[in-house]
Amino acid sequence: MATRHAVPGRFSKPKPDENVRVVRTTDSPNCTGACGWLATVVNDVIVDLKPAADYPCEAYNPRGCLRGMSMTHLIYGPDRIKQPRIRIGARGEGKWRDASWDEALDFIPDKMIAIRDNYGMESMLLFNQVVGTGYVQKGAQVRMASLLGLSFATAYDFNGDISMGFTQTVGIDCVECETKSWGHCKTVILWSSNVFQTRIPDAKFLTKHAKQQNNCQIVCIDPRCSQTAKGADLWLPIHPGTDGLLALSLCHVIINEQLVDWKFLEKYTDLATLIREDNGQRLRASDVGLGEEAEFVVWDEVRDGLFVLPMDSLKLPDNVRFAFNGTREVEIEGKRVRVTPVYDLLEDEVMQPRYSPEEAASLTDIPAETIRKLARDFALQRPSSIVIGMGVNHRLHGDLTIRSILLFATLVGAHGKPGESVSIYSGQHHFRLDVSSWWFPNGKRPNSVPMHYFVIGGPTETINAKIKYPKHGIKGLMVSHANPLVTEFSGPLRKAIDDTELFVAIDFSMSPTCEYADVVLPAPTFWEKVDLVGTSCHPYLQMQQEVVPPQYGSRTEFWIAKELVRRVDPTKLKDFDFTEKDAIQLMLSTGGKEVEGITLQQLECGPVRLKVHDPECGLDEQFHEDKLFPPRAYPFPEGAQREFLKTGRMEFYKEEESYQRLGETIPIYRPAFEHLPEDDQRMPLSIVTPHSKWRVHSTHSNNPLLLNLNRKPVVEINPKDAARRGIRDGDQVEIFNNNGSYQLWALVTEAIKPGVLCVDHAWWDRYLANGKYHAVHTHQKIKPTHETYFLPAVYAPGQHWKDTRVDVRKVN
Amino acid sequence: MARYSMLIDLTRCIGCDACTLACKQENGTPLDVFFARVLNVEVGEYPNVKRVYIPVLCNHCEDAPCLKSCPNKAIVRRPDGIVILDQDRCRGTGACVSACPYGNIYLTRVDDRWYLNSDEPYERDFVKKRLEPQRARKCTYCAHRVDEGLDPACVVACPTTARIFGDLDDPDSVISTYIDEQREQTGRKPFKLLPQAGTKPAGMYLGVMADQASSTLGEDAPVPLPQGVRTP
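Residues numbered from 1 in each chain as written. Chains lettered and ligands numbered in written order. Predicted model: local features only at pLDDT ≥ 70, side-chain atom pairs only at ≥ 80, totals over all residues. Heavy atoms only, no water.

What about the interface of chain B and chain A?
Then comes step 1: Listed per partner, the contact involves 83 residues of chain B and 94 residues of chain A.
Then comes step 2: Of the roughly 7,400 Å² buried between chain B and chain A on both sides combined, carbon and sulfur atoms contribute 57%.
Then comes step 3: Our count for the contact surface shared by chain B and chain A stands at 4 salt bridges.
Then comes step 4: Among the ionic pairs, glutamate 120 of chain B bridges to lysine 82 of chain A, the shortest N-O distance being 3.8 Å.
Then comes step 5: For the interface between chain B and chain A, the tally reads 33 residue pairs in polar contact (both at pLDDT 80 or more).
Then comes step 6: Here the element with the most residues in the side of chain B that touches chain A is helix H1 (residues 18-27) of chain B; it accounts for 8 residues.
Then comes step 7: Its residues placed into classes, the side of chain B that touches chain A shows 40 nonpolar, 21 polar and 22 charged.
Then comes step 8: Pairing of strand S10 (residues 234-236) of chain A with strand S8 (residues 213-214) of chain B involves 2 bridges; the strand directions are parallel. (Contact = heavy atoms within 4.5 Å. Buried area = accessible area lost by both parts, 1.4 Å probe. Salt bridge = Lys/Arg side-chain N within 4 Å of Asp/Glu carboxyl O. Polar contact = N/O pair within 3.5 Å; in protein donor to acceptor, adjacent residues only side chain to side chain. Helix = DSSP H or I, 4+ residues; strand = E, 2+ residues; numbered from the N terminus. Nonpolar A, V, L, I, M, F, W, Y, C, P; charged D, E, K, R; others polar. Pairing = 2+ DSSP bridges.)

What follows is the structure in structure tokens.
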């Protein structure tokens, strides 16, 4: 709680303020941390923000960070949008006229109706960030899209947060143990994960709990000596893009040294299921007359015969011992067909010399003995966890790398216990309750179209048939609280926007994306509106309060959505007869078992624990209740994910034709840059673009308080690379490749591997010395295996920004 | 009487600067003034490089050179050990700034510069009132909070609870018990910065437990070609 006394040392103390309120609320930025705050309000001005530190379980206290605390400087900051604006010049020219809400709310619906009449309403696309952080306000926009028939692009996959390696293996796009679980670890591998910057409120579970109490061994795999490497026992500066090779080399050691947990593999994985040699498909019970097509068989050594895996539970009888090796023959429709367990196929791959620590060492730049010791420590010093960062995922072959990392942890059974998990905290797709009743009125969902296809100008040849790309393309775009014009594909996106007839941006700060819009609508920050907020980082559901009313001329997303429905299709207004609190109550009453019994009144008083395990280890239903994989991905119905995880176990073999065609049925190592055009491949340097300590993505780029500590965009460069190019610390430099260039300043540092550059992600262009941020990034590309199925933000195309190659030169 | 001290546990600290920001908010400091900084230091050469984060603030020295140096007697040490710089008596000579071996006193001779548009009530009515312009200014251990039984802002805001504040004269205080406990459990003993300056600082630190080693093929190994690059 704040005090309003003057700083001591002043004898003429000002009068204590009157009219002081202290409000308990939570913020909901796209770090997805959902921290509780106490806001002190004087005369309707927020004057102080302090961590609420009121979580009933003391271990979580306090939550908060420098970004949350400096929100005052965005709420009252110079870039705050104060009233609706309509463009009068060309797009991006910066010529505006201020408009009243009435005027803006006539302008947009008129255009939307024109789009509906000329092309169909599905040609208008909604893209809002990020739906999982605010179930009510962002949900209101989705509800509007559902009611009016708009298309809807989930931000999660376009952001590159979707981790297809997880979807392919466990049937859900990410697994996130709650961070309290880290505190139990004896071994932690932070695999390109920089949690000291990206998960500041949670980092204590590593430093204060795991390290201080368990003397846990913390290993950082990262080409940079990141902020998190500060707290690590071992930093492994890996050669960029070789993470998959390291993971399979670790598997090689585990198998070689007989550290495999066979009982775990039997119960939780597909590794004993049999693969047909004739067609590469998994052997079905129906193939051999033992059951259904949706049932799978293994070879049981106790019975010396086939055994059908149960499909109602993971539980197995005691007297089984599955065969993991050996090719056998079975009879299918009168033909003898050779079948081999998945494990055997994997072993053939992983035990090849190219995955031996000696050979992996020269490509990864990690000594063979270090690889061996890491594998042994992880297998033997338990509990062991891996946290994967986005640097691994943001590659075309990131899916293979993650499948390989999951295989490594799975071989030793490091899942499902406190301190044992492979997690990726990639944005908030992990909804904590079923939001369907609020988002999808009468069960109607908006038409889901991944943003990728809009950016590349239309569908690919291999697009999944479930995606209904609008016949006439996208003719209108509504972006809310999103800044896609400072993300990596801003160049092509800008071109795609040029073909639209309406581009609306809703935000509280005049971002580069707003600068390019036709109409800008001022929205409140999360300190000025009611919402319901959950996070995967901790198990508390919280209510966001309207600490002060929407400031300046802003209006909530909820209000804007309702007004647009009223104007575009008034017949639908009856389905928007709600207040924010009604929406919360609706979601609580239909949200599922996690929120059973939780009431609005409880939430008004403070954080309320969801009905989940303590601590949540990730995949709790599978490991505690023997429920088949995958865990349900809200807001989709139970069973929606079954088609891409048919066995109900962790799948290390993907049988579909698309995987067979790419040769990616099992996790293998593919060189990271092989898919780039040759000219791009020849660029000598890798570039990584991690999250910054000073921002939440691009939010806070313009926070004057944080800019006081982080003054200029810099590129981190090793002295060797700098010297070769005549670059000195502080020089203005240009990063370039065949796609483009931009200029900023050099930070010459020993804390980065030679051959690698690092620029913090999401600087607004105006802070650069010249050019557009991300102008160098490689082209949008979609891996065909990511199109084999489609479930929005669960099975959908990912991103590969880190595959970019560049060079840098001094600007004279 | 109390003897206040702040202990910073460098094992817990993640170098996140939450303390820096919490302090700015609590004390209303202008542009470029930071009472609670975090030094971000890079030690060694690649690959044997370490990152070191050292949060620094006024050490509230028992034998404070700033206090002795002030020609206007504007600096006093309270009986509880907190060193206060009286904003009304300070004439801005800067003697204390020169005297402090830690560089933790700030004097801006130009007018204070701020962050927001001048008509924003937040800064105009609530922030700028907190400190006097053109005076020497520094951390007070948030004495105004301490006097109300609250911990300093940087302590409350630290997301890893790396900052432990309390009364060293009270054996049951959080700081005294933490020191004893850590000596026993992790074998770490508190140390102070620049003991050779002889100022008897109240602020102290506990060391980093992580090994901070690195492992690569080393200097002799050639930098491998990027994987996937087809050599022309």
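Right, picking up where we left off after that structure.
A short note on empty space enclosed by the protein
Residue and element names in this part refer to chain A.
Then comes step 1: One number sums up the size of the second largest cavity: a volume of about 130 Å³.
Then comes step 2: In terms of lining, the second largest cavity is formed by 18 residues, of which the most central are Asp27, Pro29, Cys31, Cys35 and Cys65.
Then comes step 3: A class-by-class count of the residues in the lining of the second largest cavity yields 9 nonpolar, 5 polar and 4 charged. (1 Å grid on protein atoms, 1.4 Å probe; cavity = no way out; pocket = protein on both sides within 12 Å on 5 of 7 lines; lining within 4 Å. Points joined across faces, edges and corners; volume = space filled by probe spheres on them.)

What about the confidence of the model for chain B?
Then comes step 1: In the predicted model, chain B carries a mean pLDDT of 93, and 94% of its residues have values of at least 70.
Then comes step 2: Across the whole predicted complex the pTM is 0.96, and at the interface the ipTM reaches 0.95. (pLDDT = per-residue confidence, 0-100.)

So, the nonpolar core
All names here are of chain A.
Then comes step 1: Counting 123 residues, the largest nonpolar core has Trp191, Ile386, Leu411, Met451 and Phe454 as the members making the most contacts within it.
Then comes step 2: Element by element, the count of residues in this core is highest for helix H9 (residues 243-256), at 9 residues.
Then comes step 3: The contacts of phenylalanine 454, once residues within four sequence positions are left out, are Leu125, Tyr469, Ile474, Leu477, Leu493, Ala496, Ile497 and Thr500.
Then comes step 4: Core analysis: the second largest hydrophobic core is formed by 66 residues, Cys35, Ala59, Cys65 and Ala229 among them. (Core = buried A, V, L, I, M, F, W, Y, C linked by side-chain atoms within 4.5 Å. Buried < 20%, exposed > 50% of the residue type's maximum accessible area, 1.4 Å probe, protein only.)

As for the side chain of arginine 24 of chain A
All names here are of chain A.
Then comes step 1: When you line up the elements, arginine 24 lands in strand S1 (residues 20-26).
Then comes step 2: A polar contact of 2.8 Å, which involves the side chain of arginine 24, links it to the side chain of aspartate 54.
Then comes step 3: Within the structure, arginine 24 has its side chain in polar contact with the side chain of glutamine 542 (distance 2.9 Å).
Then comes step 4: Aside from chain neighbours lying at most four places away, what touches arginine 24 is Gly36, Trp37, Leu38, Ala52, Asp54, Tyr55, Gln542, Gln545, Gly606 and Pro607.

Observations regarding the sheet that holds S10 of chain A
In a beta sheet, neighbouring strands pair by backbone hydrogen bonds and run either parallel or antiparallel.
Then comes step 1: Strand order across the open sheet formed by 6 strands is S17(A)-S16(A)-S8(A)-S9(A)-S10(A)-S8(B), with parallel pairing between neighbours. At either end of the open sheet lies a strand with only one pairing partner, and these are strand S17 (421-424) of chain A together with S8 of chain B.
Then comes step 2: As paired elements, strand S8 (residues 187-191) of chain A and strand S9 (residues 217-221) of chain A share 5 bridges and run parallel to each other. The residue of S9 of chain A that forms the bridge with leucine 190 of chain A is cysteine 220 of chain A.
Then comes step 3: Across the sheet, H9 of chain A is in contact with S8 and S9 of chain A; its angle to S8 of chain A comes to roughly 155°. (Axes fitted to C-alpha atoms, helices over the stretch in contact; angles between N-to-C directions.)

A short note on H1 of chain B
Then comes step 1: The buried fraction of H1 of chain B is high, at 10 of 10 residues.
Then comes step 2: Turning to H1 of chain B, its buried residues are Ala18, Cys19, Thr20, Leu21, Ala22, Cys23, Lys24, Gln25, Glu26 and Asn27 of chain B.

Here's the deal with the packing of H9 of chain A against helix H15 (residues 398-411) of chain A
All names here are of chain A.
Then comes step 1: The contact between H9 and H15 brings their axes to 8 Å, and the two run at 20°. Relative to H15, the element H9 lies roughly parallel. The crossing of H9 and H15 is left-handed. For the pair formed by H9 and H15, the contact residues are Asp243, Gly244, Ala247, Leu248, Leu250, Cys251, Ile254 and Ile255 on the first element and Thr401, Ser404, Ile405, Leu407, Phe408 and Leu411 on the second.
Then comes step 2: Of the residues contributing to the contact of H9 with H15, the split by class is 10 nonpolar, 3 polar and 1 charged. (Parallel < 35°, antiparallel > 145°, perpendicular 65-115°, else oblique. Left-handed = near helix turned anticlockwise from the far one by under 90°.)

A look at the packing of aromatic side chains
Then comes step 1: Tallied over the entire structure, the rule returns 35 aromatic pairs over all chains.
Then comes step 2: Between tyrosine 55 of chain A and tyrosine 540 of chain A, the aromatic rings sit 5.2 Å apart at their centres with planes inclined by 45°, giving tilted as the arrangement. Here tyrosine 55 of chain A, found in the loop between strand S3 (45-51) and helix H1 (66-69), pairs with tyrosine 540 of chain A, found in strand S23 (residues 540-546); they are 485 residues apart in sequence, far enough to count as distant.
Then comes step 3: Relative accessible area serves as the criterion here: at 2%, tyrosine 55 of chain A is assigned to the buried category.
Then comes step 4: With relative accessibility at 2%, the residue tyrosine 540 of chain A sits in the buried group.
Then comes step 5: Sitting over the ring of phenylalanine 673 of chain A, arginine 805 of chain A keeps its end group 4.5 Å from the ring centre.
Then comes step 6: The ring of phenylalanine 34 of chain B is capped by lysine 24 of chain B, whose NZ or CZ atom sits 4.5 Å from the centre of that ring. (Phe/Tyr/Trp six-rings, centres within 6.5 Å; stacked < 30°, edge-to-face > 60°. Lys NZ or Arg CZ within 6 Å of the ring centre and 35° of its normal.)

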